[in-house]
Every structure is written in structure tokens, then in C-alpha cells.
Amino acid sequence: MNLSFFDQFSSPSFLGIPLILISMTFPALLLPSLDNRWITNRLSTLQLWFINLVTKQLMMPLDKKGHKWALILTSLMIFLLLINLLGLLPYTFTPNTQLSMNLALAFPLWLATLLTGLQ
């Protein structure tokens, strides 16, 4: 099997569908959905407890002006955590191994932080 040195950087596909699309949309199924029940089940209670814990730990060293980043930082951290955890399954593709995925997530946050700091 002769492969090029650069075949390792190509995005894998299955039946013509790029696997990066599937692996980026699948973690959204694992996130809790909003419901109007008074009593929730254990899974959604654990997920909401974990999200509150992560938010509290991220925002503890910041002052009140820095808390406007809480939602986007927490959602990005949980999204990356779910993608990496799904990558632990055998024969699965982790999309944040691609440099373009990392740049697409990091550059807007970096630019927004820079522009906010210049104000």
C-alpha cells in the first residue's frame, strides 16, 4: 500500500460524506435539552451540575467584567471535551486533530479578546 506522506492530513470520508461533519454534530446530541419539568432526571441534573461547576471554576479568578465570556468559554470547553472523549472510542475520528478546526475555534476567540481589550 503506497501512500503519500500527506495522506495523513486529508479528512476521512465514508460513502462520500466527510466524517468531520458527523463528528462535529454528534456531541450536540449528548448535551442536555431544555425542558419545562419541575423534576428532571439524573443525567440532566448531573450535566447541569457539571456545567455550573466548570463555569464557576473558569470565572473564579476574573472580575465581573470578565464574566461576559462565561457562556462562550464554557460551551467551547464542553464541546472540545465531548469531541475528545468521543475520539477515545475505537476507530473514530477526532476533528480537532486538524489544524483548520483548531484555527477556526481559536482565531475568533483570540480576535474578540484582543478587540475587547483595546476598548
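So, a few notes on the structure that sits alongside this text. Since the model is a prediction, treat every value here as computed from it, not as a measurement.

**As for the overall build of the protein**
Logical step 1: Scanning the protein from terminus to terminus reveals five helices and two strands.
Logical step 2: Ordered by position from N to C terminus, the α and β elements of the protein give β-β-α-α-α-α-α.
Logical step 3: Every one of the 119 residues in the protein was classed for burial, and the buried ones make up 19%.
Logical step 4: Here the contacts in the protein between residues at least 6 apart in sequence split such that 52% fall between residues at least 24 apart.
Logical step 5: Carbon together with sulfur atoms contributes 71% to the accessible area of the protein, which is approximately 10000 Å² in total.

**Here we look at a nonpolar patch on the surface**
Logical step 1: A grouping of Leu-46, Trp-49, Phe-50, Leu-53, Leu-81, Leu-85 and Leu-88 is seen on the molecular surface, where their side chains present a nonpolar patch of about 710 Å² in accessible area.
Logical step 2: When residues in the nonpolar patch are grouped by element, the largest group, four residues, is from helix α3 (residues 42-59).
Logical step 3: Examined against the element boundaries, Leu-88 turns out to sit in the loop between α4 (70-86) and α5 (99-118).

**Re α4**
Logical step 1: Between its terminal C-alpha atoms α4 stretches 24 Å, which fits the 24 Å expected from 17 residues at 1.5 Å a residue.
Logical step 2: Turning to α4, its buried residues are Ala-70, Thr-74, Leu-76, Ile-78, Leu-82, Ile-83 and Leu-86.

**Some thoughts on α3**
Logical step 1: Its 18 residues place the ends of α3 26 Å apart at the C-alpha level, agreeing with the 26 Å of an ideal helix rising 1.5 Å per residue.
Logical step 2: Buried residues of α3: Ser-44, Gln-47, Val-54 and Met-59, and no others. Down the axis of α3, the sector holding all buried residues measures 115 degrees, keeping them to one side. Exposed side of α3, more than 90 degrees from the buried face: Arg-42, Leu-46, Trp-49, Asn-52 and Lys-56 are the residues found there.
Logical step 3: Looking at the buried side of α3, the elements it contacts are α2 (27-30) and α4.

**Considering the packing of α3 against α4**
Logical step 1: Close contact between α3 and α4 brings their axes to 10 Å; oriented N to C, the two are set at 120 degrees. Judged by the inter-axis angle, α3 sits oblique to α4. The interaxial crossing formed by α3 with α4 has right-handed handedness. Across the interface between the two elements, Phe-50, Ile-51, Val-54, Thr-55, Leu-58 and Met-59 of α3 pack against Ala-70, Leu-73, Thr-74, Met-77, Ile-78 and Leu-81 of α4.
Logical step 2: Residue composition of the contact of α3 with α4, by class: ten nonpolar, two polar and no charged.

**Considering the environment of Phe-50**
Logical step 1: Tracing the sequence through the fold places Phe-50 in helix α3.
Logical step 2: A relative accessible area of 35% places Phe-50 in the partly exposed class.

Calculation notes
Residues numbered from 1 in each chain as written. Predicted model: local features only at pLDDT ≥ 70, side-chain atom pairs only at ≥ 80, totals over all residues. Heavy atoms only, no water. Helix = DSSP H or I, 4+ residues; strand = E, 2+ residues; numbered from the N terminus. Buried < 20%, exposed > 50% of the residue type's maximum accessible area, 1.4 Å probe, protein only. Contact = heavy atoms within 4.5 Å. Areas by Shrake-Rupley, 256 points an atom, 1.4 Å probe, with all protein chains shown as cover. Patch = residues over 30% accessible without salt bridge, like charges linked within 9 Å, V, L, I, M, F, W, Y side chains within 5 Å. Salt bridge = Lys/Arg side-chain N within 4 Å of Asp/Glu carboxyl O. Expected span 1.5 Å × (residues − 1). Arc of directions from axis to C-beta. Axes fitted to C-alpha atoms, helices over the stretch in contact; angles between N-to-C directions. Parallel < 35°, antiparallel > 145°, perpendicular 65-115°, else oblique. Left-handed = near helix turned anticlockwise from the far one by under 90°. Nonpolar A, V, L, I, M, F, W, Y, C, P; charged D, E, K, R; others polar.

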